[in-house]
Amino acid sequence: MRRPALLAVLALLAPAAGAAQSAPPPTPLIVGVTDSRPLSYQNDDGVWTGLGVVVWEQIAAQVGLTYELRPIAMGDVTHALADHSIDAAIGAIPVTPEGEAVHDFSQPYLVTGLGFAQRQQDGMLWSALMRALLDPRLLTMVGGIIASVLVVGVLIALVERRSHSTDFGGSMRESVSMGVWWAAVTMTTVGYGDATPKTTTGRALALVWMFVGVVAVAFLTATVTSVLTLAHLRGAVEHPSDLLRMRLGVVDSGAGADYLGHRHVAYATYPTYEDALAALDRGSVDAVVGTLPVLRALVSQSWTGRLQVSPIVLEPLLYGVALPDGSPLLSRVNQALLAITHDDAWHDTEERFLGRR
């Protein structure tokens, strides 16, 4: 009786075991990836890499996902997420209110800024030079130095007039004039020697003024260098509002298009950052507005000496993983991102693709 019963049980279990063995492997997720160095791009071997790709690889490893990368144009991401032809998207896809209204974003893995690239200036424009010379920092420092020279000149004249063998004699006007002259040449370390203090008080004042003058000239030199260097880097654009009068290029559906669209500024669209920067190099546009890390990486790679990225930040940008609206992956992706971005190794990963920031 036991043997037939055992055979009956085995016969019932056999189909279930066979079904388990023949169960198909899980279908891999389709992850859209935009070509936007240094967040996502193909290396010389044709393998996708970049900060966004590495982030997704680490998320998939932690969550246990299988996937395949599928190249996609930036302008097609929203539509592909809406019709579920892709399960996620990575690359230079900024977190925006418009995007959040139609699909989901993970928490950001990169906080950066929106900026612009322009053609390298052969020399500093006169307009930029005049703005630099009228910089409030420079004017404040020059005004302070002039006031100090006048005060010290008057003081040394008043002190030295008491001495009979002074170089600061004559009328009060002549004495103060010589005192201001002496204060100026002493501060600039020229020191012609045509006037020197003779009294103990005057020499003590001169000693203090010499040290103050050295420090003042050093600060003035540093300020002038900083202002002129920044003016050269900024080129023809001093403030974000200066962009309104320029011919601008952006990547289709990118952060630059969103920024300019909200401000009702006309612009030309290009499928990739490389196309937009090539148009800038040709002179078809005056500036390309886009994500700062992408612009810096591409300019340093292919347009060094011809294009430059302005230090002006137009607005902050956040980058995360884009997912279809209501995706069940969202919570698991966020948990994985928290662990990844708070790990000590994450700083090294950022530096590998973005450089020191």
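Given the structure is predicted, the values throughout are model-derived calculations rather than measurements.

Rules of the game
Residues numbered from 1 in each chain as written. Predicted model: local features only at pLDDT ≥ 70, side-chain atom pairs only at ≥ 80, totals over all residues. Heavy atoms only, no water. Phe/Tyr/Trp six-rings, centres within 6.5 Å; stacked < 30°, edge-to-face > 60°. Helix = DSSP H or I, 4+ residues; strand = E, 2+ residues; numbered from the N terminus. Buried < 20%, exposed > 50% of the residue type's maximum accessible area, 1.4 Å probe, protein only. Contact = heavy atoms within 4.5 Å. Core = buried A, V, L, I, M, F, W, Y, C linked by side-chain atoms within 4.5 Å. Salt bridge = Lys/Arg side-chain N within 4 Å of Asp/Glu carboxyl O. Expected span 1.5 Å × (residues − 1). Patch = residues over 30% accessible without salt bridge, like charges linked within 9 Å, V, L, I, M, F, W, Y side chains within 5 Å. Areas by Shrake-Rupley, 256 points an atom, 1.4 Å probe, with all protein chains shown as cover. Axes fitted to C-alpha atoms, helices over the stretch in contact; angles between N-to-C directions. Left-handed = near helix turned anticlockwise from the far one by under 90°. Nonpolar A, V, L, I, M, F, W, Y, C, P; charged D, E, K, R; others polar.

K.L.:
I'm lost on the packing of aromatic side chains in this one. Help?
P.N.:
Where two aromatic rings form a pair, the distance of their centres and the angle of their planes describe that pair. The tally for this structure, following the rule as stated, stands at one aromatic pair. Judged by centre distance (6.0 Å) and plane angle (85°), the rings of Trp 56 and Tyr 67 are edge-to-face. In this pair, Trp 56 sits in helix 2 (residues 51–63) while Tyr 67 sits in strand 4 (residues 67–71), placing the two residues eleven residues apart along the sequence. For Trp 56, a relative accessible area of 0% puts it in the buried group. Judged by its relative accessible area of 28%, Tyr 67 is partly exposed.

K.L.:
Can you help me understand the side chain of Thr 349 in this one?
P.N.:
With respect to the helices and strands, the residue Thr 349 is situated in helix 13 (residues 345–354). Leaving out residues up to four positions away in the same chain, Thr 349 has contacts with Leu 51, Val 54 and Gln 58.

K.L.:
What should I look at first to understand the environment of Val 53 in this one?
P.N.:
Position of Val 53 among the secondary structure elements: in helix 2. What makes Val 53 buried here is its relative accessible area of 2%. Taking the C-alpha atoms as reference points, Val 53 and Leu 69, 16 residues apart in sequence, are found 9.3 Å from one another.

K.L.:
So what exactly am I meant to see when it comes to the nonpolar core here?
P.N.:
In globular proteins that are soluble, nonpolar side chains generally tend to be buried together. If you look at the biggest cluster of nonpolar residues, it comprises 75 residues, and the most contacted ones within it are Trp 56, Ile 59 and Leu 277. Counting residues per element, this core draws most heavily on helix 2, at seven residues. For Trp 56, the contacting residues outside a window of four places in its chain are Leu 29, Val 31, Leu 65, Tyr 67, Ala 88, Ile 90, Val 321 and Val 333.

K.L.:
Would you take a moment to explain the pattern of salt bridges for this structure?
P.N.:
When the charged atoms of two side chains with opposite charge come close together, those side chains can pair. In total, this model carries three salt bridges according to the counting rule given. Between Arg 119 and Asp 286 there is a salt bridge; the shortest N-O distance is 3.4 Å. On the criterion of sequence distance, the pair formed by Arg 119 in strand 7 (residues 110–119) and Asp 286 in the loop between helix 10 (273–282) and strand 10 (287–291) is long-range, its members being 167 residues apart. The exposure class assigned to Asp 286 is buried, which follows from its relative accessible area of 19%. A salt bridge links Arg 247 to Asp 286, with the shortest nitrogen-to-oxygen separation between them at 3.0 Å. Taken together, the residues span a long stretch of sequence, with Arg 247 in the loop between helix 8 (200–234) and strand 8 (248–251) and Asp 286 in the loop between helix 10 and strand 10 at a distance of 39 residues. With relative accessibility at 43%, the residue Arg 247 sits in the partly exposed group. Here the salt bridges share partners, and the residues they tie into one network are Arg 119, Arg 247 and Asp 286.

K.L.:
Would you explain helix 7 (residues 172–187) in this entry?
P.N.:
Since there are 3.6 residues in each turn of an α-helix, residues three or four apart along the chain are aligned in direction. Taking 1.5 Å of rise per residue, 16 residues should cover 22 Å, and helix 7 covers 22 Å from first to last C-alpha, within 8% of that figure. Positioned one or two residues after helix 7, Thr 189 has a phi angle of 60°, which is positive.

K.L.:
What is the right way to read a nonpolar patch on the surface from this model?
P.N.:
Taken together, the side chains of Val 142, Ile 146 and Leu 150 present a nonpolar region at the surface, about 240 Å² in accessible area. Within the secondary structure layout, Val 142 lies in helix 6 (residues 136–160).

K.L.:
I keep staring at the packing of helix 10 against helix 11 (residues 292–302) and nothing clicks. Help me out?
P.N.:
When two helices pack together, their arrangement is given by the angle between the helix axes and by the axis-to-axis distance. Packing of helix 10 against helix 11 brings their axes to within 11 Å, and their N-to-C directions diverge by 60°. In this structure, the crossing between helix 10 and helix 11 has a hand that is right-handed. Residues Tyr 273, Glu 274 and Leu 277 of helix 10 touch helix 11, and the partners they reach there are Val 294, Leu 295, Leu 298 and Val 299. Classifying every residue of the contact of helix 10 with helix 11 gives six nonpolar, no polar and one charged.

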